[in-house]
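Listed below, chain by chain, are the residues.
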Amino acid sequence: MRFVLPLVLLTLGMAAPDGRLPPPAVIWQGKGAAIETRPCPPGGDHDASCRSLWLRSDGMIRPLGAGYLSVEMLSDHGDGPGDPDLVILGNDGGSGGDGDLFAIRFGAMVTIDTVRGERFTAIRVTHAHDGLRVMLPFDIEYFNGAAHAGAVIVPLPVRWRAGRAAADVAAMTHTPTSAPDLFARETGVRRELAAWATDVGATLHLYPPAARSGTGTTLHAMAELILSGHADVARAMLHRAWSRRPGSTIALGGEESFWRAICRAMVGQPLWQRFALDQLPHADLVARAA
């Protein structure tokens with residue numbers, strides 16, 4: 001469920017007289033401000049359960065977003081100097097978990113940083129001695145014929161810098177890959193690709209043929225390695241695991257096409273651009289293939 005606010009109400013800081021709005025429900029109050037939910041304004045994708053989110057500050061009421069089935073306060077304080085004071089999730093509802101993450105910081109000016117994505121009901125927020133940490137779901141949907149329920153999701157660690165969310169590259173890349181871990185991943189990839197080759201045989205003329213349930217094990221292993229700065233390891237693993245059985249569709253070619261499809265899925269994910277993940281080690285391999 002998603003509702004687009006009228007343009008006249010979308011400009012942050014524009015006053016909206018209370019007489020035009022339904023009664024609010026205050027979900028947070030402090031620092032001379034309040035966060036309120038209201039029924040969605042009429043029009044658009046609207047029903048009785050639809051909620052809109054508003055910020056009241058400095059005698060003004062500002063729209064944050066609308067079209068939500070639920071609104072959840074994920075954090076009401078920061079731990080580090082650049083952390084937001086509030087982190088709020090507006091959940092659209094539905095199986096995709098679409099939603100908006102709002103990070104609000106109060107000071108001489110109110111700053112609002114918004115991240116939109118899918119599977120956002122899987123967001124996790126933790127408080128640490130050195131600052132607020134959030135795990136966003138980096139999800140890839142429908143890859144190689146996977147059903148919507150078969151999305152591949154890799155947690156993406158995020159920190160705040162001066163009120164704006166940024167990828168925590170240090171956390172993403174600090175754990176080295178171990179030989180046993182790589183062996184276990186490669187074994188799973190090899191088995192899945194071999195089963196896929198057996199399943200499709202040489203009956204399909206177009207490459208790549210869609211797997212009956214996607215190739216989630218392979219994609220998950222590749223995505224985890226790429227997002228931890230090991231795209232070179234991912235590419236080498238795929239090459240070793242690729243099935244070359246005579247007569248199979250996969251054996252007849254397509255390894256490079258499959259790798260390119262993975263890379264396109266990675267760079268096409270909105271969070272890749274939002275958090276400039278091309279800064280990761282070996283991300284140039286992904287960019288070139290995509």
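These figures come from a predicted structure and were not determined experimentally. (Residues numbered from 1 in each chain as written. Predicted model: local features only at pLDDT ≥ 70, side-chain atom pairs only at ≥ 80, totals over all residues. Heavy atoms only, no water.)

This brings us to the overall build of the protein. Each helix and strand in the protein was counted, giving eight helices and 12 strands. For the protein, the residues scored as buried account for 48% of the 290 residues in total. (Helix = DSSP H or I, 4+ residues; strand = E, 2+ residues; numbered from the N terminus. Buried < 20%, exposed > 50% of the residue type's maximum accessible area, 1.4 Å probe, protein only.)

Evaluated as defined, the whole model comprises five aromatic pairs. Residues Trp196 and Phe258 carry aromatic rings whose centres are separated by 5.5 Å and whose planes lie at 45 degrees to one another, so their mutual orientation is tilted. Here Trp196, found in helix 3 (residues 179-200), pairs with Phe258, found in helix 6 (residues 255-268); they are 62 residues apart in sequence, far enough to count as distant. For the pair shown, Trp196 and Phe258 are each scored as buried. Each member of the aromatic cluster is reached from another via a ring pair, and the members are Phe143, Trp196, Trp242 and Phe258. Residue placement shows Arg38 over the ring face of Trp54; its charged tip is 5.9 Å from the ring centre. (Phe/Tyr/Trp six-rings, centres within 6.5 Å; stacked < 30°, edge-to-face > 60°. Lys NZ or Arg CZ within 6 Å of the ring centre and 35° of its normal.)

Okay, the pattern of salt bridges next. A full pass over the atoms with the stated rule returns 18 salt bridges. Notably, a salt bridge pairs Asp92 with Arg116, separated by 2.5 Å at the nearest N-O pair. Placement of Asp92 in the loop between strand 6 (86-91) and strand 7 (99-105) and of Arg116 in strand 8 (residues 111-117) is noted, with a sequence separation of 24 residues between them. For Asp92, a relative accessible area of 4% translates into the label buried. (Salt bridge = Lys/Arg side-chain N within 4 Å of Asp/Glu carboxyl O.)

The subject of this paragraph is the state of the cysteines. Evaluation of the coordinates by the stated rule reveals one disulfide. The disulfide bridge from Cys40 ends at Cys50, spanning 2.0 Å between sulfur atoms. An S-S torsion of about -70 degrees defines the bridge between Cys40 and Cys50 as left-handed. Of the two residues, Cys40 is situated in the loop between strand 2 (33-39) and strand 3 (51-57) and Cys50 in the loop between strand 2 and strand 3; the sequence distance between them amounts to 10 residues. For Cys50, a relative accessible area of 0% corresponds to the buried category. (Disulfide = S-S within 2.5 Å.)

Where helix 5 (residues 231-241) contacts helix 6, the axes come no closer than 11 Å and their chain directions differ by 145 degrees. Judged by the twist between their axes, the crossing of helix 5 over helix 6 is right-handed. Packed against helix 5, whose contacting residues are Ala231, Ala234, Arg235, Leu238 and His239, the element helix 6 presents Glu255, Glu256, Phe258 and Trp259 at the interface. When its residues are assigned to classes, the contact of helix 5 with helix 6 shows five nonpolar, one polar and three charged. (Axes fitted to C-alpha atoms, helices over the stretch in contact; angles between N-to-C directions. Left-handed = near helix turned anticlockwise from the far one by under 90°. Contact = heavy atoms within 4.5 Å. Nonpolar A, V, L, I, M, F, W, Y, C, P; charged D, E, K, R; others polar.)

Moving on: the sheet that holds strand 11 (residues 152-161). Read from one edge of the open sheet, four strands run 9-10-11-12, paired in antiparallel fashion. Each having just a single partner strand, strand 9 (124-128) and strand 12 (164-167) make up the two edges of the open sheet. Taken pair by pair, the neighbouring strands of this sheet meet at an average axis angle of 35 degrees, ignoring direction. Direction of pairing for strand 9 relative to strand 10 (residues 131-140): antiparallel, over a ladder of five bridges. Each residue of the ladder has a partner; that of His127, found in strand 10, is Leu132. Along the sheet face, helix 4 (residues 216-227) touches strand 10 and strand 11 and points at about 20 degrees away from the line of strand 11. (Pairing = 2+ DSSP bridges.)

A separate point is the pairing of strand 2. Judged by how many residues are buried, strand 2 sits mostly within the fold: six of seven residues are covered. The hairpin turn running from strand 1 (residues 25-30) into strand 2, its antiparallel successor, is two residues long, and Lys31 in that turn takes a positive phi close to 55 degrees. With seven bridges connecting them, strand 2 and strand 3 associate as antiparallel partners. Residue pairing in the sheet places Ala34 in a bridge with Arg56 of strand 3.

All right, on to the sheet that holds strand 2 then. Taken together, the four strands give an open sheet; going across it, the order is 1-2-3-4, and neighbouring strands pair in antiparallel fashion. Each edge of the open sheet carries a strand with a single partner, namely strand 1 and strand 4 (60-68). Put simply, the sheet's adjacent strands are angled 15 degrees from each other on average, direction ignored.

The next point concerns the nonpolar core. Counting 55 residues, the largest nonpolar core has Leu136, Met266, Phe275 and Leu277 as its most contacted members. Within the second largest apolar cluster, 13 residues are counted, among which are Leu64, Leu86, Ile104 and Phe106. (Core = buried A, V, L, I, M, F, W, Y, C linked by side-chain atoms within 4.5 Å.)

Position of Ser57 among the secondary structure elements: in strand 3. Excluding residues within four positions of it along the chain, Ser57 makes contact with Gly32, Ala33 and Val110.

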